[in-house]
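Structural description and commentary
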Amino acid sequence: LLDLRKWRAAIDAPAAPAARAAPAAPAASDEGDVVFEFSLGGDDGDVFVITGADVKHLRRVIAASHLAEKELPALHAEFKREAEDGVLDKPAFDRAIRRLIPGSSLSPEDKQFLSFALSNIFFAFDRDGNNVVDFDEFLSGFSLLVQGSKSDKLALAFRMFDEDGDGYISRLEMWKYLRAFLTMLMSVNTLSQRLPVTEVQTLVDKAAVELTKAVFSSADLDDDGRISYEEFGQWYNAGGFDIIPWLELLDLRKWPELSDEDDYEGSADEGAEPVFEFQLSAEGGDALQITASDVANLQRLNDKARLQRMSPEQLYRAFASEAKDGVLDKSGFDRVVRQLVPGESLTKEDKGYLSFALSNVFYAFDRDQNGVVDFNEFASGFSILAGGSKSDKLSLAFHLFDLDSDGYISRRELWEYLRAFLTVLVALNGGMQDVDPKELVVLIDRNALELTGTVFEQADTDEDDRISYEEFGQWYNEGGFEVIPWLELLDLRKWPTTAAEDGAAAGGDGEEEDEEEEGDSCSEDDDGAGDGDDSDDIAELRSAAAAAAPAGQSAPAWNGAFGGDGEDDPQLDDDDDDDDDDDEVEVEDEDENPDIGFRPLAEPVWAIT
């Protein structure tokens with residue numbers, strides 16, 4: 001402090017883009033207050049602002065993740081083991097995060113928050129939108145979240161960009177070096193998230209160019225087009241801190257503390273008491289628990305999205321408009337969500353929550369991790385969020401899988417049919433997110449397969465290896481509801497305190513489904529499946545399904561090899577090396593992040609342009 005330039009308030013130079021410090025402890029009511037304000041250089045007068053909300057957000061990330069307890073070498077080692085050819089993809093990022101932040105240490109609320117917040121940081125570095133980031137640039141920026149001084153983090157990043165190890169970096173490398181830190185700060189900045197992604201990227205790129213020019217014009221004294229870390233440090237200490245004052249924020253100790261009332265530590269046991277518990281198949285073993293927390297999350301999803309005001313058919317048609325060749329991609333899903341749930345009716349917090357929750361359901365069906373889902377399977381499962389009875393949803397899904405409209409579905413189609421509903425219940429279940437993703441895929445596939453065998457064994461009385469909706473309904477009503485009791489949850493009215501507003505009206509005829517002590521019936525006269533007397537609505541749905549199906553293909557796009565044409569009883573096989581065995585369900589190997597959800601958005605879907 002003997003150098004007055006280190007005292008921000010002592011510098012009385014109008015042109016100096018110094019940091020402007022606000023009161024050191026912003027309270028919750030001061031979230032919109034400016035805490036820091038920095039010039040980004042150049043002639044356009046671009047300014048970067050850190051508000052109380054940004055400080056609060058970062059502090060919650062730190063409190064929930066405990067990353068500030070990690071050291072730089074440990075962070076580098078965890079991500080380095082996952083990087084290949086200088087890049088890091090999203091599944092690799094997720095694996096590293098699971099090791100750094102064990103899911104067992106997090107409450108459901110913190111898992112959801114960190115899933116969104118940390119993925120948002122990853123996608124801020126994904127400049128091409130291909131789920132891949134430059135490793136050096138990403139790790140340099142991400143180092144903000146761990147312990148260590150500004151100098152420690154700058155030095156590590158400098159060594160990473162010094163690819164030939166000669167102690168110098170070029171203009172291009174300096175540009176990426178500075179861009180990495182600025183990108184990280186933008187990713188935790190609420191104001192920048194209101195701008196289109198391309199605009200933020202352009203702003204960051206331009207600022208990094210201007211700052212690189214400033215560094216080289218003053219620090220590259222021998223004009224050899226390269227700078228050593230010592231030269232950069234000397235330039236910064238001699239006045240460069242006035243040009244890039246935001247580098248001080250790499251040291252977490254420079255961020256103001258929050259007031260004591262901001263407590264983000266959730267209880268891991270909160271809401272964990274089971275409300276429902278079901279065996280997933282007649283074979284027993286695997287169980288599905290629905291907790292009070294799951295019920296509360298679905299209630300919030302219903303309250304904010306209000307999809308239960310739509311009938312299953314209306315929801316299907318909305319997504320069918322974006323389906324192509326039997327599949328639906330993420331961008332098409334986002335467009336439909338924006339149409340169904342207008343962003344102007346939501347708060348920023350609601351947008352973030354719905355972005356996570358709805359995307360979580362989408363990615364539960366993305367078994368190949370390519371941003372694409374089988375449309376019929378997704379539409380069947382997603383119908384749980386619509387109004388209407390269980391029978392309405394079962395009937396609609398049955399017609400979708402009855403591809404040749406003969407009133408019957410095969411073993412493979414019944415397996416997909418049951419798997420669709422089981423997948424969505426797993427996606428809505430917070431407890432399942434602690435299970436390894438590969439185990440989840442095996443669990444869903446195995447139980448749907450066992451249930452398919454049970455249904456055919458008990459309901460296919462003529463042994464023609466196909467099932468009609470009437471046969472399935474009769475089997476369910478005569479005892480099948482004890483084998484698949486979780487199908488009752490397709491009716492939102494069966495979830496405690498989760499009233500499906502206007503659900504009866506949305507269901508079509510407004511009539512309540514008949515209640516029975518042993519389970520609700522699968523109505524045999526719903527839409528007349530299999531009797532050749534389909535309603536106009538079903539005819540329209542089939543036309544829509546045909547339009548969404550691949551040209552010249554009778555079955556929907558298929559993500560796994562389910563049996564040969566001559567096999568009646570496909571079996572699960574975990575051996576992915578057996579390429580000659582076509583009579584199996586391939587269990588997906590792609591590792592996902594159970595701790596941070598299936599694969600959440602980088603930002604609310606309403607912000608995607």
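Residues numbered from 1 in each chain as written. Predicted model: local features only at pLDDT ≥ 70, side-chain atom pairs only at ≥ 80, totals over all residues. Heavy atoms only, no water.

Topic: the overall build of the chain
A tally of helices and strands in the chain yields 20 helices and 14 strands. The buried share of the chain, taken over its 609 residues, is 54%. Restricting the contact set of the chain to residue pairs at least 6 apart, pairs at least 24 apart contribute 72%. When the accessible surface of the chain is summed, it comes to about 25,800 Å², and 46% of that surface belongs to carbon and sulfur atoms. (Helix = DSSP H or I, 4+ residues; strand = E, 2+ residues; numbered from the N terminus. Buried < 20%, exposed > 50% of the residue type's maximum accessible area, 1.4 Å probe, protein only. Contact = heavy atoms within 4.5 Å. Areas by Shrake-Rupley, 256 points an atom, 1.4 Å probe, with all protein chains shown as cover.)

Here we look at the pattern of salt bridges
Two side chains of opposite charge can pair, provided their charged atoms sit close to one another. Counted under the stated rule, the structure contains 28 salt bridges. For K390, the salt bridge identified is with E488, shortest N-O distance 3.1 Å. Residue K390 is located in helix α15 (residues 390–401), and its partner E488 is located in the loop between α18 (469–483) and α19 (503–506); the two are separated by 98 residues in the primary sequence. Assessed through its relative accessible area of 14%, E488 is described here as buried. Shared partners join several salt bridges into a network, and the residues in it are E78, R81, E82, R95 and R99. (Salt bridge = Lys/Arg side-chain N within 4 Å of Asp/Glu carboxyl O.)

Let's talk about the environment of S383
Tracing the backbone shows S383 in the loop between α14 (375–382) and α15. Overall, S383 belongs to the buried group, its relative accessible area being 2%. When the C-alpha positions of S383 and P312 are compared, they lie 5.5 Å apart, and in sequence the two are 71 residues distant. In this view, S383 contacts P312, L315, K393 and F421; residues no more than four positions away in its chain are not counted.

Side note on the confidence of the model for the chain
Summing up the model confidence of the chain, the mean pLDDT is 76 and the portion of residues at 70 or higher is 72%. This stretch, residues 258–270, has a pLDDT under 50; its non-local contacts, to residues over four places away or in other chains, come to 23 contacts. Here residues 550–609 is a poorly scored stretch, pLDDT under 50, and it has 178 contacts once near neighbours within four places are set aside; other chains count. (pLDDT = per-residue confidence, 0-100.)

Some details on helix α3 (residues 90–100)
Counted residue by residue, α3 has nine buried out of eleven residues, so it is predominantly covered. For α3, the N-terminal cap is D89; the gap from its side-chain oxygen to the backbone nitrogen of A92 is 2.9 Å. (Polar contact = N/O pair within 3.5 Å; in protein donor to acceptor, adjacent residues only side chain to side chain.)

Some thoughts on the packing of aromatic side chains
According to the stated counting rule, one finds 37 aromatic pairs in the structure shown. Considering the side-chain rings of Y177 and F232, the 5.8 Å spacing of their centres and the 85 degrees angle between planes classify their relative orientation as edge-to-face. On the criterion of sequence distance, the pair formed by Y177 in helix α7 (residues 171–187) and F232 in helix α9 (residues 229–237) is long-range, its members being 55 residues apart. Overall, F232 belongs to the buried group, its relative accessible area being 1%. With a centroid separation of 6.1 Å and an interplanar angle of 85 degrees, the aromatic rings of F401 and Y417 are classed as edge-to-face. In this pair, F401 sits in helix α15 while Y417 sits in helix α16 (residues 411–427), placing the two residues 16 residues apart along the sequence. Residue F401 shares its accessibility class with Y417, and that shared class is buried. Within the aromatic cluster, the residues linked to one another by ring pairs are F79, F93, F122, F123, F125, F138 and F142. Positioned above the aromatic ring of F113 is the side chain of R60, whose terminal nitrogen or guanidinium carbon lies 4.0 Å from the ring centre. Between the NZ or CZ atom of R466 and the centre of the ring of Y408, over which it lies, the distance is 3.7 Å. (Phe/Tyr/Trp six-rings, centres within 6.5 Å; stacked < 30°, edge-to-face > 60°. Lys NZ or Arg CZ within 6 Å of the ring centre and 35° of its normal.)

Describing the packing of helix α13 (residues 348–364) against α16
Here α13 crosses α16 at 140 degrees, and the two axes come no closer than 9 Å. Taken together, α13 and α16 sit at an angle that is classed as oblique. The element α13 and its partner α16 pack so that their crossing is right-handed. For the pair α13 and α16, contact is made by N360, V361 and A364 and by T423, V424 and A427, respectively. Here the contact of α13 with α16 is built from residues that sort into four nonpolar, two polar and no charged. (Axes fitted to C-alpha atoms, helices over the stretch in contact; angles between N-to-C directions. Parallel < 35°, antiparallel > 145°, perpendicular 65-115°, else oblique. Left-handed = near helix turned anticlockwise from the far one by under 90°. Nonpolar A, V, L, I, M, F, W, Y, C, P; charged D, E, K, R; others polar.)

Some thoughts on the packing of α15 against α16
Viewed as axis vectors pointing N to C, α15 and α16 meet at an angle of 140 degrees, and their least axial separation amounts to 10 Å. For the element pair α15 / α16, the angle class is oblique. Relative to α16, the crossing made by α15 is right-handed. Taking contact as the criterion, the partners of K393, L394, A397, F398 and F401 in α15 are, on α16, E413, E416, Y417 and F421.

Concerning the nonpolar core
A general feature of soluble globular proteins is that nonpolar side chains tend to end up buried together. Ranked by internal contacts, the top residues of the largest apolar core, which has 79 residues, are L301, F382, Y417 and W486. The element best represented in this core is α16, accounting for ten residues. Setting aside its immediate chain neighbours within four residues, W486 contacts F278, Q279, L280, L418, F421, L422, L425 and L451. Membership of the second largest hydrophobic core comes to 76 residues, among which are L72, L88, V146 and W255. (Core = buried A, V, L, I, M, F, W, Y, C linked by side-chain atoms within 4.5 Å.)

A look at the pairing of strand β2 (residues 47–51)
Counting buried positions along β2 gives four out of five residues, so the element sits mostly inside the fold. With five bridges joining them, strand β1 (residues 34–39) and β2 adopt antiparallel strand pairing. Counted as the bridge partner of V34 is T51 from β2. (Pairing = 2+ DSSP bridges.)

Some points on α15
In a regular helix each residue adds 1.5 Å, so twelve residues correspond to 16 Å; α15 covers 17 Å between its end C-alpha atoms and thus fits that length. The element α15 is extensively covered by neighbouring structure, given that twelve of its twelve residues are classed as buried. (Expected span 1.5 Å × (residues − 1).)

A look at unusual backbone geometry
In this structure, H66 takes a positive phi of about 60 degrees despite not being glycine. Structurally, H66 is set in the loop between α1 (52–65) and α2 (72–80). Overall, H66 belongs to the partly exposed group, its relative accessible area being 34%. Its identity as a non-glycine residue notwithstanding, R306 has a phi of 55 degrees, on the positive side. Residue position: R306 is located in the loop between α10 (292–305) and α11 (312–320). Residue classification places R306 among the partly exposed residues on the basis of a relative accessible area of 31%.

Overview of the environment of S170
Position of S170 relative to the elements: it lies in strand β5 (residues 168–170). Here S170 falls in the partly exposed class, since its relative accessible area comes to 26%. With 54 residues separating them in the primary sequence, S170 and D224 have C-alpha atoms 9.3 Å apart. If near-sequence neighbours (up to four positions away) are discounted, S170 is found in contact with F216 and G225.

Some remarks on a nonpolar patch on the surface
A grouping of L1, L4 and W7 is seen on the molecular surface, where their side chains present a nonpolar patch of about 370 Å² in accessible area. Residue placement: L1 occurs in the segment before β1. Judged by its relative accessible area of 68%, L1 is exposed. (Patch = residues over 30% accessible without salt bridge, like charges linked within 9 Å, V, L, I, M, F, W, Y side chains within 5 Å.)

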